[in-house]
Every structure is written in C-alpha cells, then in structure tokens.
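Here is what each chain is made of, one letter per residue.
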Amino acid sequence: MVGYLFQGNSSPPPAAHGIDPVRVRLPGEGDWATVREHLVERLGETRAPIVDAMLAAGLVVGADGTPVAPDAPYVPGKFVWFHRELPAETPVPFPLEIVYRDEHIVVVDKPHFLATTPRGSHVTETALARLRRELGLPALGAAHRLDRLTAGLVLFTVRPEERGAYQGLFRERRVRKVYEAVAPYDPALVLPRTVRSRIVKERGVLAAYEVAGEPNAVSRVELLEHSAARGLGRYRLLPATGQTHQLRVHLNSLGVPILGDPLYPEVAAPVPADDFRRPLQLLARELEFTDPVTGTEHRLRSARTLQAWASYDRWAAAAQPETGR
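Criteria and thresholds
All chains use their own residue numbering, which begins from 1 and follows the written sequence. Only residues with pLDDT of at least 70 are given local features in this predicted model, and only at 80 or more are side-chain atom pairs given and counted; all residues enter the totals for whole chains, interfaces and linings. Calculated side-chain values reflect all of the structure's heavy atoms, with hydrogen atoms and water omitted. The way it works is that DSSP assigns letters per residue, a run of H or I at least four long becomes a helix, a run of E at least two long becomes a strand, and they are numbered from the N terminus. Relative accessible area decides the class of each residue, using a 1.4 Å probe on protein chains only: under 20% of the type maximum gives buried, over 50% gives exposed, and in between gives partly exposed. In what follows, residue pairs with any heavy atoms lying within 4.5 Å of each other are defined as contacts. We get accessible surface area from the Shrake-Rupley algorithm with a probe of 1.4 Å; when it comes to residues, only the shown protein chains can shield them. Being paired, for any two strands, means DSSP has found at least two bridges between them. When a carboxyl oxygen of Asp or Glu lies within 4 Å of a side-chain nitrogen of Lys or Arg, that pair is called a salt bridge. For this analysis, a polar contact is any N or O atom pair within 3.5 Å, provided that within protein one partner can donate a hydrogen and the other can accept it, and provided that sequence-adjacent residues contribute only side-chain to side-chain pairs. Lines fitted to the C-alpha atoms define the axes, with helices restricted to the stretch that makes contact. Angles between their N-to-C directions range from 0 to 180 degrees. By the definition used in this description, the sense in which the near helix is turned from the far one sets the handedness, with an anticlockwise turn below a right angle giving left-handed and a clockwise turn giving right-handed. Classification used: nonpolar for Ala, Val, Leu, Ile, Met, Phe, Trp, Tyr, Cys and Pro, charged for Asp, Glu, Lys and Arg, polar for all others including Gly. Only the six-membered ring of Trp is used, alongside the rings of Phe and Tyr, when aromatic pairs are assigned; centres must lie within 6.5 Å, and planes under 30 degrees apart are stacked while those over 60 apart are edge-to-face, with the rest tilted. Only buried Ala, Val, Leu, Ile, Met, Phe, Trp, Tyr and Cys residues count toward a nonpolar core, and they belong to the same one when joined by side-chain atoms within 4.5 Å. Residue-level confidence of the predictor, termed pLDDT, takes values from 0 up to 100. Two joining distances apply to patches: 9 Å for like charges and 5 Å for nonpolar side chains (Val, Leu, Ile, Met, Phe, Trp, Tyr), and every residue must have over 30% relative accessible area and no salt bridge. In summary, the charge assignment counts Lys and Arg as positive and Asp and Glu as negative, without counting His or the chain termini. Positions of charges follow a simple convention, taking NZ of Lys, CZ of Arg, CG of Asp or CD of Glu.

Draft legend 1. Main features of the overall build of the chain. Along the backbone of the chain there are 7 helices and 15 strands. For the chain, with 325 residues in total, the buried portion stands at 46%. Within the chain, counting contacts between residues at least 6 apart in sequence, those at least 24 apart form 66% of the total. Counting every atom, the chain has about 16,000 Å² of accessible surface; 50% of that belongs to carbon and sulfur.

Draft legend 2. A look at the pairing of strand β14 (residues 282–290). The element β14 is extensively covered by neighbouring structure, given that 7 of its 9 residues are classed as buried. Direction of pairing for strand β9 (residues 176–184) relative to β14: antiparallel, over a ladder of 6 bridges. Considered in β14, the bridge of glutamate 180 is made with leucine 283. One ladder, built from 5 bridges, connects β14 with strand β15 (residues 297–301); its direction is antiparallel. Looking at β15, one finds that threonine 290 is bridged to glutamate 297.

Draft legend 3. Expanded view of the pattern of salt bridges. In this structure the tally under the stated criterion is 20 salt bridges. Taking the shortest distance from any N to any O, the salt bridge between arginine 248 and aspartate 147 comes out at 3.3 Å. Taken together, the residues arginine 248 in helix α5 (residues 246–253) and aspartate 147 in the loop between β7 (141–142) and β8 (151–157) connect sequence positions 101 residues apart. Assessed through its relative accessible area of 4%, arginine 248 is described here as buried.

Draft legend 4. A look at α5. Burial within α5 is extensive, with 6 of its 8 residues counted as buried. Where α5 is buried, its residues touch β9, β10 (193–200), β11 (209–211), β12 (217–227), β13 (232–239) and β14. Where α5 ends, the next residue or the one after it, glycine 255, has phi of about 85°, a positive value.

Draft legend 5. Spotlight on the side chain of arginine 248. Of the polar contacts made by the side chain of arginine 248, one reaches the side chain of aspartate 147; its length is 3.3 Å. Reaching out from arginine 248, the side chain makes a polar contact with the side chain of aspartate 261 at a distance of 2.8 Å.

Draft legend 6. How the structure looks around the packing of helix α1 (residues 35–43) against helix α2 (residues 48–56). Two elements in contact, α1 and α2, have axes separated by 9 Å at closest approach and are oriented at 145°. Considering only the axes of α1 and α2, their crossing is right-handed. Along its contact with α1, which presents Arg36, Val40 and Leu43, the element α2 presents Ala48, Val51, Asp52 and Leu55. Of the residues assigned to the contact of α1 with α2, the class counts are 5 nonpolar, no polar and 2 charged.

Draft legend 7. A look at the packing of aromatic side chains. Evaluated as defined, the whole model comprises 5 aromatic pairs. Relative to phenylalanine 113, the ring of phenylalanine 94 has its centre 6.5 Å away and its plane inclined at 40°; by these criteria the two rings are tilted. With phenylalanine 94 in the loop between β4 (79–82) and β5 (97–101) and phenylalanine 113 in the loop between β6 (105–110) and α3 (127–135), this pair connects stretches of sequence that are 19 residues apart. Of the two residues, phenylalanine 94 and phenylalanine 113, both sit in the buried class. Here phenylalanine 113 and phenylalanine 276 contribute two aromatic rings whose centre-to-centre distance is 5.4 Å and whose plane-to-plane angle is 75°, an arrangement assigned as edge-to-face. Of this pair, phenylalanine 113 sits in the loop between β6 and α3 while phenylalanine 276 sits in the loop between α5 and β14; the two residues are 163 residues apart in sequence, bridging distant segments of the chain. Note on accessibility: phenylalanine 113 and phenylalanine 276 belong to one class, buried.

Draft legend 8. Quick peek at the pairing of β15. The alternating pattern of β15 places His298 and Leu300 on a buried face, while none of Glu297, Arg299 and Arg301, on the opposite face, is buried. The hairpin formed by β14 and β15 contains 6 residues between the paired strands, and glycine 295 there has a positive phi angle of roughly 80°.

Draft legend 9. Representation of the nonpolar core in the model. Core analysis: the biggest nonpolar cluster contains 36 residues, and Leu140, Phe156, Leu237, Leu251 and Leu282 have the highest contact counts within it. Only β6, α3, β8, β9, β13, α5 and β14 provide two or more residues apiece to this core. Sorting elements by how many residues they give to this core places α3 first, with 4 residues. Apart from residues no more than four positions distant in its own chain, leucine 251 is found in contact with Ala181, Val221, Leu237, Val256, Pro257 and Ile258. In this structure, Val107, Leu153, Leu155 and Tyr166 belong to the second largest nonpolar core, which totals 12 residues.

Draft legend 10. View of the confidence of the model for the chain. Confidence in the prediction for the chain averages 88 pLDDT; 86% of positions are at 70 or higher. This model gives residues 319–325 a pLDDT under 50, and the stretch forms 19 contacts once residues within four places in sequence are excluded.

Draft legend 11. Just a negative patch on the surface, in detail. A contiguous patch of negative charge, built from Asp31, Glu37, Glu41 and Glu45, is present on the exposed surface. Along the polypeptide, glutamate 45 turns up in the loop between α1 and α2.

See the structure below:
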C-alpha cells in the first residue's frame with residue numbers, strides 16, 4: 001500500500017501514479033477503538049505491518065493535512081481514502097496516440113493489450129493512468145471504455161464536472177461508433193445484415209453468451225472486402241448498443257469469429273503477461289458526435305491498421321510483438 005490515507009468528509013487526496021485513492025466510509029456500527037484497528041481488519045491482518053509503517057511515517061493524514069496518530073480514535077460515518085498497494089505489472093510496450101485534444105476532452109488511439117481504466121491486475125498500465133501522468137492531468141476521466149484487447153478510439157474528459165455530459169453521449173446512444181474487424185470469409189454469409197440478440201455476461205465468467213428473449217444487443221455487419229486466397233474478410237461493424245463483447249459475440253454467432261479472439265468460439269488457455277503477439281483483430285475505427293459542451297461536430301478516425309489484414313503471414317507467425325501501427 002502506498003501513498004496517503006485521508007480522513008474526513010472533504011475532498012480526497014490527489015491521484016498518485018495516475019491512480020485515484022480508494023474511498024471507504026467508516027461503518028456507523030462497530031467496536032473498533034482506532035482507525036488503525038478498522039483498517040487492519042478490513043484489509044487483512046497480513047497487512048497490519050504496512051498500515052503501521054504508513055502511520056509511523058506520517059503517510060496517514062487528516063482532513064487538515066496533519067498526520068493521523070497510530071492511536072487516532074475511530075469516528076463512525078467518516079470517510080477515509082487510501083492509495084492501494086500497486087501490483088507489479090508488465091509494461092505494455094506500445095504508445096498511446098493523441099487524435100484530438102482541447103480544454104474539455106482528449107481522444108486517443110489506444111493500442112491492443114492496454115486496458116482503458118484500472119481494474120483487477122491492470123492498474124498503472126492503463127490508458128487512463130498513463131494519460132494522467134504523461135499529460136499532467138490528474139483529474140482526467142474516461143467517458144467510455146474499450147476492452148483491453150480491442151484497439152482504437154477512446155474519449156477522456158478533462159474536467160470532472162463535465163464528465164457526466166460526455167458519458168451521457170454514450171449512454172443515450174448519441175455517438176456514432178464504427179469498428180473494423182478481420183475474420184474468416186464465408187461466401188454463403190449474406191451481408192450486410194443487422195444482428196439482434198440478447199447477450200448475457202455473468203460476473204466471474206469470461207465469455208458472454210446469447211439467450212432467448214428480448215434483444216438487448218444490435219449490430220450492423222458489413223463486408224468491406226475479402227481475400228479469397230486467404231479466406232479472410234475485412235468487416236465494418238456498427239453497434240447500436242453497447243453490451244459487453246457484443247461485436248465479438250455477434251460475429252462468432254455468424255460463424256466468422258474475429259481473428260485472435262481468446263474467448264470466442266472457445267475460451268483459450270491464458271498466455272503470459274508479456275505475450276503481446278497475435279492481438280485481437282478488432283479496432284474502434286471512428287467516433288462521430290456533437291460535443292455537448294462546445295457544440296463542435298467531431299468525426300475522429302483511428303490511423304491504425306489491423307495486422308492480420310495488412311500482413312497476415314506476420315500476424316499468423318506471431319514472430320514479433322504487435323505494435324498496432
């Protein structure tokens with residue numbers, strides 16, 4: 001555990017290493033005599049030495065910025081913030097490309113293998129944490145997310161008070177999103193078509209799946225071009241909804257699963273954290289929207305090329321790490 005613990009109901013401490021502190025409300029009921037006792041119970045006895053070391057070093061501070069003593073009394077209902085212990089992470093060796101930036105938003109072209117926001121074992125090696133560090137914008141926030149394995153355009157907001165307006169664009173489906181994918185070519189598959197189905201994603205289960213019922217996922221699928229020699233197609237995908245893994249599930253249901261997909265049609269064995277070969281051939285190519293704050297009409301486009309289409313032999317051989325460019 002690194003950084004600061006912040007006690008009180010005022011603002012939390014700033015991000016450290018591009019990562020926000022965790023906020024915890026001290027329960028209204030309990031028999032803890034001190035803040036330390038509650039934290040040790042909450043975080044686990046094995047972390048008691050870490051909590052003690054932070055307190056001794058003055059890394060625990062109160063609302064007024066002064067160190068909290070190891071025997072500071074427990075105050076029910078108060079909030080505490082702390083910077084979690086950062087896990088060891090394998091660096092993702094591909095750059096983030098800035099496509100557009102103004103005083104309100106930053107739109108980046110995210111590489112494959114880089115998560116959008118901190119989650120699970122991916123914390124500092126995420127697009128959000130990187131951008132906060134590299135741009136010096138500790139309050140930067142994500143307006144939406146891409147899967148870690150998907151490359152392409154992601155929109156971030158500069159000002160926390162404006163984040164809701166940009167998130168509303170995606171929630172209310174006022175953003176036109178265009179994706180591209182490389183997948184097998186099936187001459188019997190009639191395209192274009194619109195796929196409608198009900199997709200379920202259970203917590204703790206890697207792959208989503210389709211079930212009977214009212215559709216909650218709608219995708220238009222178009223064939224841009226195909227290679228008969230390779231048996232591959234380059235597809236244009238326009239999702240009207242945003243269910244987890246929606247495009248991956250829909251192409252798989254059509255019998256043309258996206259190349260490099262470790263979940264569809266079958267869940268593959270995990271690969272080492274430093275294996276960046278054969279990335280999922282799915283790209284968020286375009287974002288088109290009217291800025292809710294400035295009124296500017298934006299049509300932004302990724303400059304990336306899906307490697308399996310540009311150089312299938314290299315992608316298939318997986319001899320070199322994918323740079324995404």
